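Chain and residue survey
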Amino acid sequence: MAKATSPIFLLLLLLVILSSTLLSVKSNTTTIETTYKTTNYYRLCVSALKSDPRSRTADTKGLATVMVGLGMKSATATATYIAGNHTAAAANDTIPKKVLKDCSDKYALAADSLRLTVQDLDDEAYDYAYMHVLAAQDYPNVCRNIFRRAKGLVYPIRRFAGVK
């Protein structure tokens, strides 16, 4: 069975948890690398954070905000990709259109949850940030399950994001 948890969401969870305890730590390459040594996606995390210039001077809360932003970007791009498939689906093929629309909506909700996470981090409401990251993580799983129930449809994100 394929792993249902996306690496980006695991990284977000780690940062939200760490940001509640390490707010005063200023970021640099060592902080970024130390923070992510415990993850299964170390290289992804370090390269993602190093790609954003804000990471060099961010504290741990700032690193969490950067990662949440990357998650929002990914969720929004995925929702747009699926919506494009939805509009390209045959007009008389209602089941695939409904599945694609529902799935696109789930990714849009994931992006919305991550937008709320940014606000939660700003407000230092880390319990809510954690809850919103968990919700954002769950929406893609719901999308995948919608496709599993629809006979004959292939989950389009596999091709888009390399999901197994």
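Residues numbered from 1 in each chain as written. Predicted model: local features only at pLDDT ≥ 70, side-chain atom pairs only at ≥ 80, totals over all residues. Heavy atoms only, no water.

This brings us to the confidence of the model for the protein. When the pLDDT values of the protein are averaged, the result is 77; 69% of them are 70 or greater. Within the protein, no element has a lower average pLDDT than helix H7 (residues 157–161), which sits at 56, and none a higher one than helix H5 (residues 94–122), at 92. Long-range and interchain partners of residues 1–5, a stretch whose pLDDT sits below 50, account for 7 contacts in this model, where long-range means more than four residues apart. When the criterion is pLDDT under 50, residues 20–25 qualifies, and its contacts beyond four places in sequence or with other chains add up to 10 contacts. (pLDDT = per-residue confidence, 0-100. Helix = DSSP H or I, 4+ residues; strand = E, 2+ residues; numbered from the N terminus. Contact = heavy atoms within 4.5 Å.)

Inspection of the entire model under this criterion finds 5 salt bridges. For Asp-105, the salt bridge identified is with Lys-101, shortest N-O distance 2.9 Å. Linking Asp-105 with Lys-101, this pair stays in helix H5, spanning 4 residues, or about one helical turn. In this structure Asp-105 comes out as partly exposed when scored by relative accessible area, which is 30%. In this structure Lys-101 comes out as partly exposed when scored by relative accessible area, which is 41%. (Salt bridge = Lys/Arg side-chain N within 4 Å of Asp/Glu carboxyl O. Buried < 20%, exposed > 50% of the residue type's maximum accessible area, 1.4 Å probe, protein only.)

Our focus in this paragraph is the packing of aromatic side chains. Applying the stated criterion across every chain yields a total of 1 aromatic pair. Judged by centre distance (5.6 Å) and plane angle (65°), the ring pair of Phe-147 and Tyr-155 falls under edge-to-face. Exposure class is identical for Phe-147 and Tyr-155. Each is buried. (Phe/Tyr/Trp six-rings, centres within 6.5 Å; stacked < 30°, edge-to-face > 60°.)

Attention now moves to the packing of H5 against helix H6 (residues 126–149). Between two packed helices, what matters for the description is the angle formed by their axes and the separation of those axes. Contact geometry for H5 and H6: axes closest at 8 Å, N-to-C directions at 170°. By the angle between their axes, H5 is roughly antiparallel relative to H6. Counted by class, the contact of H5 with H6 contains 21 nonpolar, 3 polar and 3 charged residues. (Axes fitted to C-alpha atoms, helices over the stretch in contact; angles between N-to-C directions. Parallel < 35°, antiparallel > 145°, perpendicular 65-115°, else oblique. Nonpolar A, V, L, I, M, F, W, Y, C, P; charged D, E, K, R; others polar.)

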